[in-house]
Amino acid sequence: MALLTLPAVAKLNLFLHIVGQRADGYHNLQTLFQFVDFGDELSFQLRDSSEITISCSEPSLETDDNLVLKAAKLLAEAAPQSLPGIHIHIEKKLPFGGGLGGGSSDAATTLLALRHLWQLPLNDDELAAMGLQLGADVPVFVRGQAAFAEGVGEYLQPAQPPCPWYLVIHPGVQISTPSIFKHPDLPRQHPPLKWPQWSWENTNNDCEVLVRRLYPEVAKALDWLVEYAPSRLTGTGACIFGRFDNETDARAALQRMPAQWTGFVARGLNENPVCQQLRQASTVNLTNKTEV
Ligand SMILES: C[C@](O)(CO)[C@H](O)COP(=O)(O)OP(=O)(O)OC[C@H]1O[C@@H](n2ccc(N)nc2=O)[C@H](O)[C@@H]1O
Ligand SMILES: Nc1ncnc2c1ncn2[C@@H]1O[C@H](COP(=O)(O)OP(=O)(O)OP(=O)(O)O)[C@@H](O)[C@H]1O
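About the thresholds
- Residues numbered from 1 in each chain as written.
- Chains lettered and ligands numbered in written order.
- Predicted model: local features only at pLDDT ≥ 70, side-chain atom pairs only at ≥ 80, totals over all residues.
- UniProt positions renumbered as here; feature names shortened; annotations may be inferred.
- Near = placed C-beta within 6 Å.
- Helix = DSSP H or I, 4+ residues; strand = E, 2+ residues; numbered from the N terminus.
- Nonpolar A, V, L, I, M, F, W, Y, C, P; charged D, E, K, R; others polar.
- Axes fitted to C-alpha atoms, helices over the stretch in contact; angles between N-to-C directions.
- Left-handed = near helix turned anticlockwise from the far one by under 90°.
- Contact = placed C-beta atoms within 7 Å.
- Parallel < 35°, antiparallel > 145°, perpendicular 65-115°, else oblique.
- Core = buried A, V, L, I, M, F, W, Y, C linked by C-beta atoms within 7 Å.
- Buried ≥ 20, exposed ≤ 12 C-beta atoms within 10 Å, placed from the backbone.

- Under the annotation held in an unreviewed UniProt entry, the protein carries the name 4-diphosphocytidyl-2-C-methyl-D-erythritol kinase and is attributed to Pseudidiomarina marina.
- Recorded under Catalytic activity (unreviewed entry), the UniProt text for the protein is reproduced unchanged: "4-CDP-2-C-methyl-D-erythritol + ATP = 4-CDP-2-C-methyl-D-erythritol 2-phosphate + ADP + H(+)".
- Looking at the protein in UniProt, the text filed under Pathway (unreviewed entry) is "Isoprenoid biosynthesis; isopentenyl diphosphate biosynthesis via DXP pathway; isopentenyl diphosphate from 1-deoxy-D-xylulose 5-phosphate: step 3/6."

Dropping the structure here:
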């Protein structure tokens, strides 16, 4: 039996402006992150040996490149003492490469869970800095609050956007984040916005025009969803989301969604639920190991 089972929810970029490019090629962004109550599930089990291992419901992700494994190893290497081994099972529900930050959320849940299980004396700033080594979206999941982000995602200001219902659609295409950021036609000079002066109407996702052109299926899905609700791309895609006032309307639109796409309905959240759950979790007796 797992010692601890925790959520790794998705994020949406409620808007995404590209305001410049750094000398190393990375892009400076202004973006508003919000979480939704739908995501992957991670189960943690202490091992008798000192090994760190993973398993995943999606076999193609059972590799050394999995961000969960990388996060666990990063934390173990930084620890002053040797630690009990751990097995982590990832139940994947989020599409990968979808702009929902699934891999980043899995990594953040791993960092937060292992800090708790291994009782490591690291504060949120230290954990978020470790997270940034794994991916630009990891810090916001570690800090656990909806946020306006600048830089590549490391400068975060807590935000309290409204929490509507969303219909999130995956139009069935995979989009690699680097391929969009490298594209010569990506607009890179959005005039900086003065936070908190934002509204849905005065913001957009700067990747959307390019992604629509390169991936006609995304354009088709956006054109379909906008008939039901204000809609937008998240991250560099491929997922899109529509904003609804209530769950009933979001579910009604999901029912009518063309069968070639997949989708889910979820509520916007301004706190990452893993943080709430860990606050309530009791301290673990590290001698309580289970062989997996
Ligand atoms: C688009 C967003 O999802 C918005 O939340 C994120 O900025 C992307 O975050 P991510 O998937 O964690 O991306 P990373 O793994 O950090 O970066 C993947 C690649 O995308 C490009 N990249 C990423 C973020 C950024 N601000 N500028 C970039 O140019 C870089 O070539 C980088 O090598
Ligand atoms: N635990 C994981 N879950 C999903 N993908 C992972 C994981 N670990 C590593 N990856 C790799 O990361 C890539 C991007 O996955 P992810 O789901 O984070 O993308 P994304 O939703 O587009 O993220 P973002 O919004 O941050 O761009 C995948 O194609 C996969 O190869």
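Further notes follow.
## Concerning the site of ligand 2
Part 1 of the argument: Taken together, 20 residues lie around ligand 2, and Leu 67, Phe 96, Gly 102, Gly 103 and Gly 235 are the ones closest in.
Part 2 of the argument: Counting residues per element, the ones that place at least two in the shell around ligand 2 are helix H1 (67-78) and helix H2 (102-117).
Part 3 of the argument: No other element matches the four residues that H2 contributes to the shell around ligand 2.
Part 4 of the argument: Grouping the amino acids of the shell around ligand 2 by side-chain chemistry returns six nonpolar, eleven polar and three charged.

## So, the packing of H2 against helix H3 (residues 124-134)
Part 1 of the argument: Look at H2 against H3: their axes get within 10 Å of each other, and the N-to-C directions meet at 145°. Read as a crossing pair, H2 and H3 show a hand that is right-handed. Residues Ala 107, Ala 108, Leu 111 and Arg 115 of H2 lie in contact with H3, whose contacting residues are Leu 127, Met 130, Gly 131 and Leu 134.
Part 2 of the argument: Its residues placed into classes, the contact of H2 with H3 shows six nonpolar, one polar and one charged.

## So, the UniProt feature "domain: GHMP kinase N-terminal" (unreviewed entry) in the protein
Part 1 of the argument: Look at the UniProt record and you will see "domain: GHMP kinase N-terminal" (unreviewed entry) annotated at residues 66-144.
Part 2 of the argument: Helix makes up 57% of residues 66-144 and strand 8%, whereas the separation of the span's terminal C-alpha atoms amounts to 21 Å.

## Section: the packing of H1 against H3
Part 1 of the argument: Interaxial distance between H1 and H3 falls to 10 Å at its minimum, and their mutual angle equals 135°. Taken together, H1 and H3 sit at an angle that is classed as oblique. Considering the relative orientation of H1 and H3, their crossing is right-handed. Residues Leu 67, Lys 70, Ala 71, Leu 74, Leu 75 and Ala 78 of H1 form the contact with H3, whose own contacting residues are Met 130, Gln 133 and Leu 134.
Part 2 of the argument: Broken down by class, the residue content of the contact of H1 with H3 amounts to seven nonpolar, one polar and one charged.

## Overview of the nonpolar core
Part 1 of the argument: Among the nonpolar cores identified, the biggest contains 75 residues, and Val 68, Ala 72, Leu 111, Tyr 166, Leu 167 and Ile 240 are the most heavily contacted of them.
Part 2 of the argument: Residue contacts for Leu 111: discarding those within four places in its chain leaves Ala 71, Leu 75, Leu 127, Met 130, Gly 131 and Val 142.

## Things to note about the site of ligand 1
Part 1 of the argument: The environment of ligand 1 is made up of 20 residues, and the closest members are His 27, Gly 135, Ala 136, Phe 181 and Gly 235.
Part 2 of the argument: Every element with two or more residues in the shell around ligand 1 is listed here: strand E1 (4-21), strand E2 (27-46) and helix H5 (177-182).
Part 3 of the argument: For the shell around ligand 1, the class distribution of residues is seven nonpolar, twelve polar and one charged.

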